[in-house]
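# Structural overview for review
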Amino acid sequence: MNETIEQRACDLAVYVIEHQATVRAAAAAFGVSKSTVHKDLSERLRGCNLALYRQVQVVLAHNKAERHIRGGLATQKKYRKEKI
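Structural notes, computed from the coordinates. (Residues numbered from 1 in each chain as written. Predicted model: local features only at pLDDT ≥ 70, side-chain atom pairs only at ≥ 80, totals over all residues. Heavy atoms only, no water.)

### Notes on the overall build of the protein chain
Secondary structure assignment for the protein chain yields 4 helices and 0 strands. The linear arrangement of helices and strands in the protein chain, starting from the amino end, is α-α-α-α. Taking 12 Å as the expected radius of gyration for a compact globule of 84 residues, we find that the protein chain reaches 15 Å, considerably beyond that expectation. Referenced to the eigenvectors of the C-alpha coordinate spread, the extents of the protein chain come out at roughly 50 × 25 × 20 Å. Buried residues in the protein chain amount to 24% of all 84 residues. For the protein chain, contacts bridging at least 24 residues in sequence account for 56% of all contacts bridging at least 6. Per element, the accessible surface of the protein chain, about 6,000 Å² overall, is 53% carbon and sulfur. Computed over 15 positive and 8 negative side-chain charges, the inter-centroid distance for the protein chain is 12 Å. (Helix = DSSP H or I, 4+ residues; strand = E, 2+ residues; numbered from the N terminus. Rg over C-alpha atoms; globule rule 2.2 N^0.38 Å. Buried < 20%, exposed > 50% of the residue type's maximum accessible area, 1.4 Å probe, protein only. Contact = heavy atoms within 4.5 Å. Areas by Shrake-Rupley, 256 points an atom, 1.4 Å probe, with all protein chains shown as cover. Lys, Arg positive; Asp, Glu negative; His and termini not counted. Charge placed at Lys NZ, Arg CZ, Asp CG, Glu CD.)

### Notes on helix 1 (residues 3–19)
For helix 1, built from 17 residues, the straight-helix expectation of 24 Å at 1.5 Å per residue is met to within 8% by its first-to-last C-alpha distance of 24 Å. Q20 lies just past helix 1 and shows a positive phi near 50 degrees. (Expected span 1.5 Å × (residues − 1).)

Listed below in structure tokens is the structure:
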């Protein structure tokens, strides 16, 4: 694997762990697509740094468990904003 890709995967992992960031937030911060972030964190990271991979999986599982709540809050905010 390309050294820069491995480094990006590790950098993304550190960012997600430190900020408890979602895939979208990490993609925006690094200027890459969501699919690139997801592939880096779920496939490439496993091969280059297993310890970071395990920590990232905990954060991603937490985000996945909360996504229905975030979606509901975003919809609520959208419609409250339109009424005012």
